[in-house]
Amino acid sequence: MTKHRVLLATVLVTVLAASGAVGAQLNFGGDLGFVLFDVSNGSGIQPSRDSLGNAMPLPYGDTTGRVNTYLESHGLGLYWNVQLSDQVSVSALTEVGGTTTSATPSLGKKLGTQQGDAGTQKALSVPEAYIQVMLPWQVQMSTGIIRPIFSEDYGEKKGYQEANRLFKSSANAYGGEWHDLGVEFYKSFEPGGGFSIPAYAYLLAGEQPLGDDNSNKALLFHVAPAFWKLRVLGSYGFGKEGADGELQPWSRYAAGLGGDFGPFWFRGEFFGGSWAGNEVLNEANKDTLGRIIPDTVTFKPIAYYVKAGYNLIPDKLGVVLTFDQSSPDWTTRAKLGYSTQGGPTTDAGESYTTIGATVQYWVIPGSAILLEYNRGMWKVGDGTLCKINFNRITLGWRTIF
């Protein structure tokens, strides 16, 4: 039996046992997302090498990918909550299904060639499972597998209601995503005058959702002061990663601004970080036999997004505009045309610029059909050797129940 199945069985047993306790109340919900239509077309430069190993760009013209239909990558999410008392509850999220269709264009590959048969991404997973306790002074503590509020778009799951799926190359994937195991403390400070300060503090394993791999712990802090119709977002987390005795420091930060003005809203966040002790390949650093000697560098990726939305008809029709940019601060040799000795390299950095527009039509509150257009402009370095420009249209349906 896999770890995920053991964990799910433990969660379900806990939920069922708790629901049978005196005074316990079981609440159940979920969300379901799938894509009915997904097609891309575009052009770019596919990296290659000549017989001497020199870089040789291979431009290609407009190519139309096949139409895809699939269960959204997070599949069917089932939410469980058992209220044991006024102060204690148990919550869990189990995700079932979700497939990889290779429908998303891939930098370094000719558009369309990245597509293959749909395969099971995860038959079963438990991304959240925690016990929540209300402490004195209105401090809420959650302990277990948690989704830290590092970013508002990803941590509060707002992005899933505004698009069919989040690109793996998006600002969230390279900057805002965070899953972990540990303890969360939450309290909202209300000084008055329409001013509030929701605050979170975390003691975490360090982006290790199912188990810690060293004796070091990570710290994360998030605040979101709100006044009038605006809110400021800020997060900072740090720790060390690696085997005991070989720990390397890392840190992450986020800053943003959001606002709600009746039918109009906007939100933007900037992400950055620093990860030391990463081995990369450098063509200029070789031994006498011509073998590459790895360099040790610090990755400093940055990413940001800006969104604006307008509800044309409340609870019925809306539109969301998005600009998304991420720069991971590294690339792979495969994306530079190498077929041997793969791995990250410092030769050039990847850059992903994606703009999008989504029309939302709510069949009923909580159930929306999403017609989405994205324009991707992705490249390595200046794009001379490797880039892809594509248009992508998707039609999906997401329901929260």
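Structure shown above.
All of these numbers come straight from a predicted model, not from anything done at the bench. (Residues numbered from 1 in each chain as written. Predicted model: local features only at pLDDT ≥ 70, side-chain atom pairs only at ≥ 80, totals over all residues. Heavy atoms only, no water.)

Draft legend 1. A look at the nonpolar core. Of all hydrophobic cores here, the largest spans 16 residues; its most connected members are Phe150, Trp178, Tyr202, Leu204, Leu220 and Phe271. Secondary-structure elements contributing two or more residues to this core are β10 (195-204), β11 (218-223), β14 (248-261) and β17 (302-313). The element best represented in this core is β10, accounting for 3 residues. Core analysis: the next-biggest nonpolar cluster, separate from the first, contains 13 residues, Tyr60, Trp378, Leu385 and Cys386 among them. (Core = buried A, V, L, I, M, F, W, Y, C linked by side-chain atoms within 4.5 Å. Buried < 20%, exposed > 50% of the residue type's maximum accessible area, 1.4 Å probe, protein only. Helix = DSSP H or I, 4+ residues; strand = E, 2+ residues; numbered from the N terminus.)

Draft legend 2. Geometry of the pattern of salt bridges. The final tally for this structure, using the stated rule, is 12 salt bridges. For the salt bridge of lysine 157 with glutamate 128, the shortest nitrogen-to-oxygen distance reads 2.8 Å. Residue lysine 157 is found in the loop between α2 (152-155) and α3 (171-176), and its partner glutamate 128 is found in strand β7 (residues 124-135); the two are separated by 29 residues along the sequence. Through salt bridges that share partners, Glu152, Glu156, Lys158, Arg231 and Asp260 make up one connected network. (Salt bridge = Lys/Arg side-chain N within 4 Å of Asp/Glu carboxyl O.)

Draft legend 3. Up close: the side chain of glutamate 350. Note that glutamate 350 resides in strand β21 (residues 350-364). At a separation of 3.3 Å, a polar atom in the side chain of glutamate 350 contacts the side chain of lysine 335. Reaching out from glutamate 350, the side chain makes a polar contact with the side chain of tyrosine 352 at a distance of 2.3 Å. Leave out the neighbours within four places in its chain, and glutamate 350 touches Leu107, Tyr174, Ser326, Ser327, Pro328, Trp330, Thr331, Thr332, Lys335, Lys379 and Val380. (Polar contact = N/O pair within 3.5 Å; in protein donor to acceptor, adjacent residues only side chain to side chain. Contact = heavy atoms within 4.5 Å.)

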